[in-house]
Amino acid sequence: MYQPGMKSNNLLGLSCQELVELAESLSEKPFRGKQLYHQIYRRRISDFDAMTNLSKAFRTRLQDEYTITYPDVFKRTASADGTTKFLFRLEDGSFVESVYIPEESRDTLCISSQVGCDVGCTFCMTAQMGFQRNLRPGEILGQVLQIVRSGLAQPQGFNIVFMGMGEPLYNYQNLMKAFRILTDPEGIDISYRKITVSTSGIVPVLKKLAQEPKPPNLAISLNATTNEVRDRVMPVNRKWPLEELLQACREFPLDSRRRITMEYVLLKEENDSIEDARRLAGLLRGISVKVNLIPYNPNPGLSHRRPEEERIQRFRSILQELNVPHFIRKTRGDDVSAACGQLAYLEKSPSLATEPVLHTP
Ligand code: SF4
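Residues numbered from 1 in each chain as written. Predicted model: local features only at pLDDT ≥ 70, side-chain atom pairs only at ≥ 80, totals over all residues.

1. Considerations on the nonpolar core
In terms of nonpolar packing, the biggest core is built from 90 residues, with Ile 160, Leu 182 and Tyr 264 touching the most fellow members. Structurally, this core is a two-domain feature, drawing no fewer than three residues from each of domain 1 (16-65) and domain 2 (72-354). Apart from the residues lying within four places of it in its own chain, the contact partners of Tyr 264 are Leu 222, Asn 223, Leu 280, Val 291, Asn 292, Leu 293 and Ile 294. (Core = buried A, V, L, I, M, F, W, Y, C linked by C-beta atoms within 7 Å. Buried ≥ 20, exposed ≤ 12 C-beta atoms within 10 Å, placed from the backbone. Domains from an automatic or database assignment. Contact = placed C-beta atoms within 7 Å.)

2. A short note on the site of the ligand
In the neighbourhood of the ligand, 14 residues make up the surrounding shell, with Cys 117, Val 119, Cys 121, Cys 124 and Ala 127 lying closest. Residue classes in the shell around the ligand are distributed as eight nonpolar, five polar and one charged. (Near = placed C-beta within 6 Å. Nonpolar A, V, L, I, M, F, W, Y, C, P; charged D, E, K, R; others polar.)

3. Digging into helix 6 (residues 172-183)
Taking 1.5 Å of rise per residue, the twelve residues of helix 6 would be expected to cover 16 Å, and the 16 Å separating its terminal C-alpha atoms lies within 8% of that figure. Considered for burial, the residues of helix 6 that qualify are Asn 174, Leu 175, Ala 178, Phe 179, Ile 181 and Leu 182. Take helix 6 and look down its axis: the buried residues cluster within an arc of 165 degrees, on one side only. Contact partners of the buried residues in helix 6: helix 2 (30-42), strand 6 (131-134), helix 5 (137-149), strand 7 (158-162) and strand 8 (195-199). (Helix = DSSP H or I, 4+ residues; strand = E, 2+ residues; numbered from the N terminus. Expected span 1.5 Å × (residues − 1). Arc of directions from axis to C-beta.)

4. Some remarks on the sheet that holds strand 10 (residues 260-266)
Pairing within the open sheet is mixed, and its ten strands lie in the order 1-2-3-4-7-8-9-10-11-12. The sheet terminates laterally at strand 1 (72-78) and strand 12 (326-328), the two strands that pair on one side only. Sheet twist, expressed as the average angle between the axes of neighbouring strands with direction ignored, equals 20 degrees. Relative to strand 4 (residues 107-110), strand 3 (residues 95-101) runs antiparallel, the two sharing three bridges. Paired with Ile 101 across the two strands is Thr 108, which belongs to strand 4. (Pairing = 2+ DSSP bridges. Axes fitted to C-alpha atoms, helices over the stretch in contact; angles between N-to-C directions.)

5. Side note on the environment of Gly 13
Along the chain, Gly 13 falls in the segment before helix 1 (16-25). Here the alpha-carbon distance between Gly 13 and Ile 181, two residues 168 residues apart in the chain, equals 8.2 Å. With residues near it in sequence (within four places) discarded, Gly 13 still touches Arg 136, Pro 137, Gly 138 and Leu 141.

Below, the structure written as structure tokens:
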């Protein structure tokens, strides 16, 4: 809840109720707070002077005491296929990244939820950074609004996936506050059906998400078919093993049109065998899913390898035979390091920038 005199004077990220309280604290009528909310999120105006439906006195007061500050676009790089990577610098100097991916049917924005991540997946560049901090609601929303302001996309024209840096369910409160503003018809007004939260499998928080009146779509970063392998590549599995995770997926509310996306990064001789494909089909029986197969692209800093094309196709054909809905993720934006954590990591470790940079999930 907004407290007059609170440390940050940046209004980006405040809810409608908090802006109403702010207006009241400045001796304005409550509806002025609603107008301010509309100007910030619906009209995406960051200059108080341009909010001409507010009184001059209110605007001057806001101008003197508050800001609407977006994350700074530190670097914007477009790939030959149109994929555009944004490296944002936050107010405290931290870096996070977002990716705009144009697609035939609908564009996708991949958004970060934390600076770094402490889940420690062995195939992920962000894990190399360790955890620095959770993003605030305004920093989550700011990524979306900056990309919209860049002219690449309109809010009703894209999907949002929380698959950038960080484990979104470890930043639940801020994630959901941003989600409510994103989906509020009076706010940014994006359908909750167009937003997907991807998790490594934080089971207790996943159960909480399932209780939300309108939960986002769910993606699970699965990546293994036995606890032995998953413990190794995703240490989070030692806390919440496959059985618990899949049970939580079974209980996740899905309407008839929705499926859970199971992300499966194919790692050579780790999780890409014929037995793995069969076990995967067995594990997912009874859950409404689509499997997103992601052939790993090796990174000089990480030890995993990419399976040969033949192994990838063999894995895929077994899923096909066993009637498991699946697709292979197309590699996008190779030339702009368009994978989770790459640019931010390079910004932190510039010596690596001279090495070939390839995809990590
Ligand atoms: S894959 Fe996701 S959860 Fe795992 S370390 Fe990377 S950012 Fe964190």
